[in-house]
Amino acid sequence: MSRALLKTTVLATLAFFVAGEAMAVEWNVSLWGKRRAFTENTEKLAELVKEKTNGEFTLNISYGGLSKNKENLDGISFGAFEMAQFCAGYHPDKNPTLTVLELPFLGVDSLRQETDLSMAVYAQPAVIKDMDRWNAVLLMPSPMPQYNLAGVGEAPTNLKGLDGLRVRAVGGIGEALKALGAVPTSMTATDVYNAMESGVIDAAAFAPHAHVAFRVTDIADWWTTNLNPGTVNCPVVANKDALNALSPEHREALLSSIPEALDYYIENYNNKAQAAMDAKIAERGIKKVTFDKEAIAEAKTKIAEPAAEAWIKEMEAKGIPGQELYDFVKAKIDGN
């Protein structure tokens, strides 16, 4: 082979490998805790994207290695990583529009309804504008059922028993519990076990999977079955610049995988998460506390409307269309 031909062959081969390398895209994804029902939407999304792109686009999921959970939105804003999960209730001032989904006693009764409602709200202009401040694009929710309390010590026998109870609760759930006489405190899920074990708090408000994942059920003496004050909205977001930089093929692979990832998440949560909670309750003999239905209904009436009015007033004072967002949410819940 002539030297000229050899040189041409080598350059062509090198160009092929460089081009192939350039086609590969890796995104870093910041989650926290450990893999659990709450993160299965992101895990499934990563699996589907890798499969659809033959490994050319991968999501590298990190559990706590990239950022603290309360700082994930900040990390997204300056491109420290390309994708992350966060909970609106962790920092309501950073994402005020999303907190409409955390108002107490909204009336959402299934993960599917929670998912559809969240996706509809994420598409609202005010919400998109809110996330633009963080250079973030909302991709999908991590829908959770209604929260309930698990705690140590003497179990409350009625709603009056919540008076003075020190409870880990964020967002609208915290406000609802405060109205019932409890003393809510905001802390991340990863801090709850130590806080409860050391006596800093008496109880924690979580969805079923989190009571198990963050070991509350390892020390809890009781659990409420039907308080259902609300839930927390925890989206998965992408850095806007990173999303826009994707090739059309990779972008399609990512966005088209979201419905399937959410379907998988809901099925997995409904079939496994509550079952794991039930197993822990049975294993440790945790006492189930079921409050009087009439008392719960009375509490809803007493708390929901004033909480919504206060939220709307606060949002409107910030120049956010609070009434419009709230009316939109209630219409969606009522099927209008």
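In the block above lies the structure referred to throughout.
Keep in mind that what you see is a predicted model, and the values were worked out from it rather than measured.

The rules behind these values
- Residues numbered from 1 in each chain as written.
- Predicted model: local features only at pLDDT ≥ 70, side-chain atom pairs only at ≥ 80, totals over all residues.
- Heavy atoms only, no water.
- Helix = DSSP H or I, 4+ residues; strand = E, 2+ residues; numbered from the N terminus.
- Buried < 20%, exposed > 50% of the residue type's maximum accessible area, 1.4 Å probe, protein only.
- Contact = heavy atoms within 4.5 Å.
- Areas by Shrake-Rupley, 256 points an atom, 1.4 Å probe, with all protein chains shown as cover.
- Core = buried A, V, L, I, M, F, W, Y, C linked by side-chain atoms within 4.5 Å.
- Polar contact = N/O pair within 3.5 Å; in protein donor to acceptor, adjacent residues only side chain to side chain.
- Pairing = 2+ DSSP bridges.
- Axes fitted to C-alpha atoms, helices over the stretch in contact; angles between N-to-C directions.
- Expected span 1.5 Å × (residues − 1).
- Salt bridge = Lys/Arg side-chain N within 4 Å of Asp/Glu carboxyl O.

## Observations regarding the overall build of the protein
Along the protein, the regular secondary structure elements total 13 helices and 11 strands. Dimensions of the protein, computed from the C-alpha atoms along their principal axes, are close to 90 × 45 × 30 Å. By residue count, 51% of the 336 residues in the protein fall in the buried class. Here the analysis covers contacts within the protein between residues at least 6 apart in sequence; of these, 78% occur between residues at least 24 apart. When the accessible surface of the protein is split by element, carbon and sulfur atoms take 53% of a total near 15,500 Å².

## Here we look at the nonpolar core
Ranked by size, the top nonpolar core spans 59 residues in total, and within it Leu149, Val167, Leu177 and Leu227 carry the most contacts. For this core, the secondary structure elements donating two or more residues are strand S5 (148-151), helix H6 (171-179), helix H7 (192-197), strand S8 (203-206), helix H8 (208-213), strand S9 (222-224), helix H11 (258-284) and helix H12 (293-317). Apart from residues lying up to four places away in sequence, Leu227 is in contact with Phe105, Asn148, Leu149, Leu159, Leu162, Leu177, Leu180, Phe291 and Ile296. Counting residues in each nonpolar core, the second largest holds 30 residues, with Phe81, Leu117, Tyr122 and Met315 among its members.

## Examining unusual backbone geometry
Residue Asn54 is not a glycine yet carries a positive backbone phi of 55 degrees. Position of Asn54 relative to the elements: it lies in the loop between helix H2 (40-52) and strand S2 (57-63). Looking at Asn54, the relative accessible area reads 72%, which means it is exposed. Backbone geometry at Phe105 places phi at a positive 50 degrees, although glycine is not the residue there. Along the polypeptide, Phe105 turns up in the loop between strand S3 (83-85) and helix H4 (111-122).

## Section: the side chain of Thr53
Turning to its location among the elements, Thr53 is positioned in the loop between H2 and S2. Accessibility expressed as a relative area gives 7% for Thr53, which makes it buried. A polar atom in the side chain of Thr53 sits 2.8 Å from the backbone oxygen of Val49. Setting aside anything within four residues of it in sequence, one finds Thr53 in contact with His250 and Ala253.

## Topic: the sheet that holds strand S11 (residues 287-289)
With mixed pairing, the 6 strands of this open sheet are ordered in space as S7-S6-S8-S5-S9-S11. Taken across any chain shown, the strands that pair with only one partner, and hence form the sheet edges, are strand S7 (183-185) and S11. Neighbour-to-neighbour, the strand axes of the sheet open up by a mean angle of 25 degrees, direction not taken into account. Taken together, the 3 bridges between S9 and S11 define a ladder with parallel strand orientation.

## Some thoughts on H2
Helix length check: H2 (13 residues) gives 18 Å between terminal C-alpha atoms against 18 Å at 1.5 Å per residue, within 8%. For H2, the complete set of buried residues consists of Glu40, Asn41, Thr42, Glu43, Lys44, Leu45, Ala46, Leu48 and Val49. Following H2 by one or two positions, Asn54 adopts a phi angle in the positive range, close to 55 degrees.

## Brief notes about the environment of Leu59
Residue placement: Leu59 occurs in strand S2. Of the residues examined, Leu59 reaches a relative accessible area of 9% and is grouped as buried. Look past the residues within four positions of Leu59 in its chain and what remains in contact with it is Trp27, Val29, Leu45, Ala46 and Met83.

## Regarding the side chain of Thr188
Here Thr188 lies in the loop between S7 and H7. Contact partners of Thr188, with chain neighbours within four places excluded, come to Asn69, Lys70, Tyr90 and Arg168.

## Brief notes about the pattern of salt bridges
Under the counting rule described, the total for this entry stands at 12 salt bridges. The partner of Asp218 in a salt bridge is Arg215, with the nearest N and O atoms 3.4 Å apart. Its salt-bridge partner being Lys318, residue Glu314 comes within 3.3 Å of it at the nearest N-O pair. Since its relative accessible area comes to 43%, Lys318 is described here as partly exposed. A cluster of three or more residues bridged by salt bridges with shared partners is formed by Arg35, Glu40 and Glu43.

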